[in-house]
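Observations on the model geometry
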Amino acid sequence: MPIEIRLPDGSVVEHPEGSTGLDVAAAIGSRLAKAAVAVRLDGEWLDLSRPLPHGGSIEIVTENTEDGRSVLRHSAAHVLAQAVLDLYEGATFAIGPAIADGFYYDFKVDQPFTPEDLERIESRMAEIIAADQPFIREAMGRDQALELFSDHEFKREIIETVEPGEVPAGDEVTVYRNNGFVDLCRGPHLPSTGRLEAVKLLRIAGAYWRGDEANPQLQRIYGTAWESKKELEAYLHRLEEAERRDHRRLGPELDLFSFPKEMGAGLVVWHPKGGLVRKLIEDHSRRLHERYGFEFVFSPHLAKEDLWNTSGHLQWYAEGMYPGMEMDHGDAYRVKPMNCPFHIMIYRSRGRSYRELPLRLGELGGVYRYERSGVLHGLLRARGFTQDDSHTFCTRGQLADELAMHLDFVLRWLKDFGFTEFEADLSTRPDKYVGDPAQWGEAEEALAAALDRAGMEYRVAEGDGAFYGPKIDVHVKDAIGRRWQMSTIQVDFNLPERFGIEYAGPDNAPERPAMIHCAKAGSIERFFGVLVEHYAGAFPTWLAPVQAMIVPVADRHIDYARSVAEQLANAGLRAEVDHSGETVGEKIRRAITAKTPAVMVVGDRDVEAGTAGYRRYGADEERRGVSVDEIITELAAEAQPPGVSA
RNA sequence: GCCGAGGUAGCUCAGGGGUAGAGCAAUUCACUCGUAAUGAAUAGGUCAGGGGUUCAAAUCCCCUCCUCGGCUCCA
């Protein structure tokens with residue numbers, strides 16, 4: 001009896017019973033059949049070579065889509081495991097999924113892999129791919145699978161812990177064989193290993209079984225796979241591009257900041273140029289905070305341990321905090337990992353009325369968190385950093401409007417720095433939490449409502465909230481498509497409770513305010529690091545430490561160069577004169593290498609005419625004889641911070 | 001913290017038991033130049049730090065610190 005297959009365009013075709021996904025694809029076109037890697041029938045993944053079990057809506061998954069690539073990568077992971085098991089006696093394998101841009105496989109081996117091993121494994125993989133071994137799917141009972149993988153402890157553990165719901169056929173699991181190799185796997189896979197066009201192993205890393213430090217540590221091999229050599233090359237090129245933008249390289253190169261070893265890991269010093277850019281960022285932060293109705297406060301770097309007991313930090317966050325310091329009268333003090341308790345102290349310094357709510361307190365507060373040595377990563381993960389932190393105290397009734405305002409603020413802030421794509425995560429109650437679950441629910445709903453009001457799509461991250469409350473995290477996509485977490489907005493009913501803060505309501509009865517924690521940049525350091533990578537070190541004019549470099553052609557033009565610099569300075573622009581003894585070409589090269597937005601070359605003709613040769617960063621050619629006034633007008637317009645008129 | 005790879009001049013890196021090297025940067029001198037590198041000379045090092053083996057250690061061994069790629073966590 002033929003089966004009816006509905007194609008994505010809505011048309012229905014008939015195929016004889018026993019037809020495979022490949023048959024369906026081939027009937028549509030030979031090119032489609034060639035590009036196909038798997039099919040989805042009513043949403044269920046099937047191998048291309050598997051007879052379709054029933055009719056339904058079909059989707060041919062091709063190799064040039066993200067879904068298609070993940071099939072490809074998953075098959076590549078199998079080949080990797082096959083190669084490793086071939087080459088290393090006694091090796092056993094754990095899991096090997098496709099991930100963004102690639103795949104990995106975890107192994108337990110007697111000796112850790114070396115870079116030379118990687119080459120050896122890669123050549124073995126090439127042989128397996130050249131042999132074009134078919135992947136053959138086989139379903140079997142759990143007992144049989146346990147028997148099959150009797151030598152492989154991790155596979156046995158997976159089989160034993162598979163949830164019944166994860167396996168469509170109840171108590172069955174599936175394995176895929178190619179040649180002598182067999183792996184437990186849900187599939188789907190490519191028809192054969194020969195379909196792997198472009199595979200490359202990238203690096204070796206340690207990884208714990210199931211990501212838990214209590215479990216044995218395995219050896220992980222990362223690789224990448226693409227549908228063509230060309231795509232692989234493009235990917236490797238993207239990796240190089242990311243490396244070129246690395247803020248840890250650009251920071252010292254552009255003389256912005258450094259991490260002197262003498263100070264300790266994760267601690268940064270800002271050089272004058274970096275300090276200037278940072279100040280401009282902070283100025284903008286203050287400007288927007290004021291515009292959105294925040295007031296500025298300041299608080300100390302440490303406080304008595306008691307305060308951190310009351311706040312719950314010592315109970316819930318102790319491992320992120322530095323140890324106590326003994327001070328007067330045996331009191332221990334702790335360096336602050338967060339600013340919130342201090343802002344509560346300010347709230348609590350006198351009686352509060354409902355009439356003064358919402359009370360919005362902001363601070364660029366330096367905090368210190370003990371990050372484990374292995375996770376430090378330049379400015380993106382430091383041990384000392386500055387939060388553009390705020391705490392808003394409001395009534396329950398004000399919460400929805402306040403959250404909407406905070407979200408608006410955050411998006412304004414991010415747009416001002418050139419980010420245009422945003423994604424939000426709504427993180428809900430974690431396992432370790434304080435407070436009443438009903439209040440958590442209320443807070444989570446309020447956050448979701450704010451996202452809906454802003455028309456933002458979001459993903460729910462179950463259990464990712466802070467210990468004191470749920471939160472919205474806003475992520476941005478940078479210039480090369482990477483996703484960074486920036487801002488966070490958190491609702492908190494708990495700290496007000498713990499500190500017992502109140503306000504007098506209209507009927508003079510004491511009420512408890514709600515609190516909103518919000519960091520717009522997140523950490524200024526991290527934000528700065530992301531900006532460096534986003535702009536590849538070439539800051540827009542309003543943030544550039546030097547906005548114009550003036551290059552005299554010969555020494556006799558230095559006086560004129562200085563007078564031009566003065567004109568620019570009078571217009572509020574940051575200009576420098578390069579009076580070094582280098583050639584014109586070299587001085588220009590230096591200015592471009594420093595990513596200066598504008599280079600102005602001045603020679604005899606310019607001295608006479610009041611002009612300059614004008615070269616913009618990124619432009620291929622310069623313009624000669626441009627009037628200095630015209631240049632000043634153009635640069636001064638660009639130099640205005642976003643939302644500030646000249 | 002754990003697994004792996006590293007740390008040699010300001011930067012990028014060579015050298016692997018027997019006198020510390022290169023390119024770029026820096027300094028000085030000459031050149032005064034019209035849009036991405038003028039030439040020459042000079043200076044610069046507890047070879048991350050400490051301990052050990054050795055007649056002799058940058059080199060081999062141990063410990064510590066720091067960096068990088070991951071695991072985990074987060075801003």
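Residues numbered from 1 in each chain as written. Chains lettered and ligands numbered in written order. Predicted model: local features only at pLDDT ≥ 70, side-chain atom pairs only at ≥ 80, totals over all residues. Heavy atoms only, no water.

What to know about the protein's contact with RNA strand B
Test applied: Neighbouring residues are identified by heavy atoms, a residue being near a molecule or strand if any of them is within 4 Å of it. We call two N or O atoms a polar contact when they sit within 3.5 Å, provided that within protein one can donate a hydrogen and the other can accept it, with sequence-adjacent residues counted only if both atoms are side-chain atoms. Numbered from the N terminus, helices here are DSSP runs of H or I no shorter than four residues, and strands are runs of E no shorter than two. Classification used: nonpolar for Ala, Val, Leu, Ile, Met, Phe, Trp, Tyr, Cys and Pro, charged for Asp, Glu, Lys and Arg, polar for all others including Gly.
For RNA strand B, the set of nearby residues contains 59 residues, the closest of which are Arg-203, Gln-217, Arg-381, Glu-586 and Arg-615. Within 4 Å of the protein, atoms of RNA strand B come from sugar and phosphate in 52% of cases. A distance of 2.8 Å is found between a sugar or linking oxygen of RNA strand B and a backbone nitrogen or oxygen belonging to Met-486. Here a base nitrogen of RNA strand B and a backbone polar atom of Gly-581 are 3.2 Å apart. Counting residues per element, the surface near RNA strand B draws most heavily on helix 18 (residues 584-593), which supplies 7 residues. When its residues are assigned to classes, the surface near RNA strand B shows 20 nonpolar, 17 polar and 22 charged.

Brief notes about the environment of Asp-86
For clarity, the threshold we go by: In what follows, a contact means two residues having at least one pair of non-hydrogen atoms within 4.5 Å.
Mapped onto the elements of the fold, Asp-86 is located in helix 3 (residues 66-87). Filtering out sequence-adjacent residues up to four positions away, Asp-86 remains in contact with Arg-124 and Ile-128.

Notes on helix 16 (residues 524-534)
Helical geometry: 3.6 residues make up each α-helical turn, so side chains three or four residues apart lie on a common side. Our working rule: Buried, partly exposed and exposed residues are distinguished by accessible area as a fraction of the type maximum, computed with a 1.4 Å probe on protein chains only: under 20%, between the cut-offs, and over 50%, respectively.
Of all 11 residues in helix 16, 11 are buried, a share of seventy percent or more. Within helix 16, the full set of buried residues consists of Ile-524, Glu-525, Arg-526, Phe-527, Phe-528, Gly-529, Val-530, Leu-531, Val-532, Glu-533 and His-534. Immediately downstream of helix 16, the backbone of Ala-536 shows phi near 55 degrees, a positive value.

Focus on the sheet that holds strand 17 (residues 302-304)
To keep it simple, the criterion reads: Any two strands between which DSSP finds at least two bridges are classified as paired.
Spatial ordering of the open sheet is given by 17-19-18, a layout of 3 strands whose pairing is antiparallel. The open sheet has two free edges, formed respectively by strand 17 and strand 18 (325-326), since each of these has just one partner strand. Pairing geometry for strand 17 and strand 19 (residues 332-335), over 3 bridges, is antiparallel. Paired with Lys-304 across the bridge in strand 19 is Tyr-333.

Overview of the side chain of Asn-494
Take Asn-494: it is sitting in helix 15 (residues 494-499). Apart from the residues lying within four places of it in its own chain, the contact partners of Asn-494 are Val-434, Gly-435 and Tyr-468.

Let's talk about unusual backbone geometry
For the bond from Leu-357 to Pro-358, the omega torsion is -5 degrees, close enough to zero to count as cis. Within the fold, Pro-358 resides in the loop between helix 12 (340-347) and strand 20 (359-368). A positive phi angle, close to 55 degrees, is found at Asn-179, a residue other than glycine. In the Ramachandran plot, Arg-210 falls in the positive-phi region, its phi being about 60 degrees despite a non-glycine side chain. Here Arg-210 is to be found in the loop between strand 12 (198-208) and strand 13 (217-226). Exposure remark for Arg-210: the relative accessible area of 45% places this residue in the partly exposed category.

So, the packing of helix 13 (residues 399-416) against helix 14 (residues 437-453)
The line we're drawing: Lines fitted to C-alpha atoms define the axes here, with helix axes fitted over just the stretch in contact, and angles between the N-to-C directions of these axes take values from 0 to 180 degrees. Should an angle lie under 35 degrees it is considered roughly parallel, over 145 roughly antiparallel, and from 65 to 115 roughly perpendicular; all remaining angles are considered oblique. Two helices crossing with the near one rotated counterclockwise from the far one by less than a right angle form a left-handed crossing, whereas a clockwise rotation gives a right-handed crossing.
Interhelical geometry of helix 13 versus helix 14 gives an angle of 55 degrees and a closest axis separation of 9 Å. Taken as axis vectors, helix 13 and helix 14 run oblique relative to one another. When the axes of helix 13 and helix 14 are compared, the crossing they make is right-handed. Here helix 13 contributes Leu-399, Ala-400, Asp-401, Leu-403, Ala-404 and Leu-407 to the contact with helix 14, which in turn contributes Ala-446, Leu-447, Ala-450, Leu-451 and Arg-453.

Section: the domain arrangement of chain A
Definition in use: What marks off one domain from the next here is an automatic or database domain assignment.
By the assigned domains, chain A splits into domain 1 (3-62), domain 2 (67-240), domain 3 (257-534) and domain 4 (548-638). Just the C-alpha atoms count here: the centres of domain 2 and domain 4 sit 58 Å apart.

A look at the packing of aromatic side chains
Basically, it comes down to this: Aromatic contacts are taken between Phe, Tyr and Trp rings whose centres are within 6.5 Å, Trp giving its six-membered ring; a plane angle under 30 degrees counts as stacked, one over 60 as edge-to-face, and the others as tilted.
For the structure shown, the criterion picks out 25 aromatic pairs. Geometrically, the ring pair formed by Phe-419 and Phe-527 is edge-to-face, given 6.5 Å between the ring centres and 65 degrees between the ring planes. With Phe-419 in the loop between helix 13 and strand 22 (422-427) and Phe-527 in helix 16, this residue pair connects regions lying 108 residues apart in the sequence. As far as the burial class goes, Phe-419 and Phe-527 line up, both buried. Ring centres of Phe-528 and Phe-539 lie 6.0 Å apart, and the angle between their planes is 45 degrees; on these two criteria the pair is classed as tilted. Here Phe-539 lies in the loop between helix 16 and strand 29 (548-552) and Phe-528 lies in helix 16, a separation of 11 residues in the sequence.

Observations regarding the nonpolar core
We apply this condition: We call a set of buried residues a nonpolar core when its members are Ala, Val, Leu, Ile, Met, Phe, Trp, Tyr or Cys and they connect through side-chain atoms within 4.5 Å of each other.
Ranked by internal contacts, the top residues of the largest apolar core, which has 58 residues, are Phe-417, Phe-527, Phe-539 and Leu-543. Those elements that provide at least two residues to this core are helix 9 (272-291), helix 13, strand 22, helix 14, strand 24 (471-477), strand 25 (483-492), strand 28 (514-523) and helix 16. Ranked by residue count, the leading element in this core is helix 13, at 9 residues. Counting residues in each nonpolar core, the second largest holds 48 residues, with Leu-72, Phe-103, Phe-154 and Val-173 among its members.

Looking at the sheet that holds strand 22
Within the open sheet, the 8 strands sit side by side as 16-20-21-28-25-24-22-23. Their pairing is mixed. For this open sheet the edge positions go to strand 16 (295-296) and strand 23 (458-461), each flanked by a neighbour on one side alone. Taken strand by strand, helix 13 contacts strand 20, strand 21 (384-394), strand 22, strand 24, strand 25 and strand 28, and its axis lies near 5 degrees from that of strand 28. Along the sheet face, helix 14 touches strand 22, strand 23, strand 24 and strand 25 and points at about 165 degrees away from the line of strand 22.

Regarding the pairing of strand 24
In terms of burial, strand 24 is a largely internal element, 6 of the 7 residues being buried. Here strand 22 runs beside strand 24; their pairing, made up of 6 bridges, is antiparallel. Looking across to strand 24, one finds that Ala-424 is bridged to Val-474. The pairing of strand 24 with strand 25 spans 7 bridges and is antiparallel. Bridged to Ile-472 within strand 25 is Ile-489.

Brief notes about the pattern of salt bridges
For the record, the criterion: The rule for a salt bridge is simple: a side-chain nitrogen of Lys or Arg has to be within 4 Å of a carboxyl oxygen of Asp or Glu.
All chains considered together, the criterion is met by 47 salt bridges. With a closest N to O distance of 2.7 Å, Glu-138 and Arg-177 form a salt bridge. Of the two residues, Glu-138 is situated in strand 9 (residues 136-141) and Arg-177 in strand 10 (residues 172-178); the sequence distance between them amounts to 39 residues. A salt bridge links Arg-482 to Asp-478; the shortest N-O distance between them is 2.9 Å. Overall, the relative accessible area of 5% leaves Asp-478 in the buried class. A network of salt bridges, in which partner residues are shared, links Glu-423, Asp-425, Arg-459, Lys-477 and Arg-483.

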